[in-house]
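Structural characterization, general
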Amino acid sequence: MTEPRSEADRMRRRELYDAAAGLTGPRLLPWTTPDGRSCYLSTDGGGYLSTLADSIEIVQLTMGEELLEHARDVLAPGSRAQSATEYRWLACRLTEALSDALRVAESRGQRIPDHSQDETAQRA
């Protein structure tokens, strides 16, 4: 059985993939400005801020997984009923985690190369 990859290995593989795919241009970052606007980084997929963004995405997704597990425990049949305040807290945290996960998905989706454009250019 193989051992799970380390976070550093995953980030390095992401950088290699981005470089091989020729990805450049603005990257949606996993944080916003104080007034809620999106932040972008002009990058070639490497560098300190890209690595920081990768690390923050990993933390956000891990926290979302842990929160989801907590929600499943709270909502499981036979579990202790929570107060309205506790359910509201859980709903707020789940909303935040979903927002983070969607932002990560959008950022990563923007970095997937569009092979259909490459094929069209090669045919022309």
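What comes next is a walk through the structure.

Here is what the cut-offs are and how they apply
- Residues numbered from 1 in each chain as written.
- Predicted model: local features only at pLDDT ≥ 70, side-chain atom pairs only at ≥ 80, totals over all residues.
- Heavy atoms only, no water.
- Helix = DSSP H or I, 4+ residues; strand = E, 2+ residues; numbered from the N terminus.
- Buried < 20%, exposed > 50% of the residue type's maximum accessible area, 1.4 Å probe, protein only.
- Contact = heavy atoms within 4.5 Å.
- Areas by Shrake-Rupley, 256 points an atom, 1.4 Å probe, with all protein chains shown as cover.
- Expected span 1.5 Å × (residues − 1).
- Core = buried A, V, L, I, M, F, W, Y, C linked by side-chain atoms within 4.5 Å.
- Salt bridge = Lys/Arg side-chain N within 4 Å of Asp/Glu carboxyl O.

A count of helical and extended segments in the protein chain gives four helices and two strands. Going residue by residue from the N terminus, the α and β elements of the protein chain occur as α-β-β-α-α-α. Per-residue burial over the protein chain gives 23% buried out of 124 residues. Contacts in the protein chain between residues at least 24 apart in sequence constitute 54% of all its contacts with a sequence separation of at least 6. Carbon together with sulfur atoms contributes 57% to the accessible area of the protein chain, which is approximately 9000 Å² in total.

Our next topic: helix α2 (residues 48-75). With 28 residues, α2 extends 40 Å from end C-alpha to end C-alpha; this agrees with the ideal 40 Å at 1.5 Å per step. When α2 is considered as a whole, its buried residues turn out to be S50, A53, D54, E57, I58, Q60, G64, L67, A71 and V74.

In terms of nonpolar packing, the biggest core is built from five residues, these being L67, A71, V74, L90 and A97. Elements supplying a minimum of two residues to this core: α2 and α3 (84-110). Ranked by residues supplied to this core, first place goes to α2 with three residues. Residues within four places of L67 in sequence aside, it is in contact with W89, L90, R93, L94 and A97.

Evaluated as defined, the whole model comprises six salt bridges. Among the ionic pairs, D54 bridges to R27, the shortest N-O distance being 2.8 Å. On the criterion of sequence distance, the pair formed by D54 in helix α2 and R27 in strand β1 (residues 25-32) is long-range, its members being 27 residues apart. Across the salt bridge formed by E57 and R111, the nearest N and O atoms sit 3.7 Å from each other. Taken together, the residues span a long stretch of sequence, with E57 in helix α2 and R111 in the loop between α3 and α4 (115-123) at a distance of 54 residues. Among the residues examined, E57 registers a relative accessible area of 1% and is labelled buried. Assessed through its relative accessible area of 9%, R111 is described here as buried.

On to the environment of G64, then. Structurally, G64 can be placed in helix α2. Looking at G64, the relative accessible area reads 18%, which means it is buried. In this structure, the C-alpha to C-alpha distance between G64 and A101, residues 37 residues apart in sequence, is 7.6 Å.

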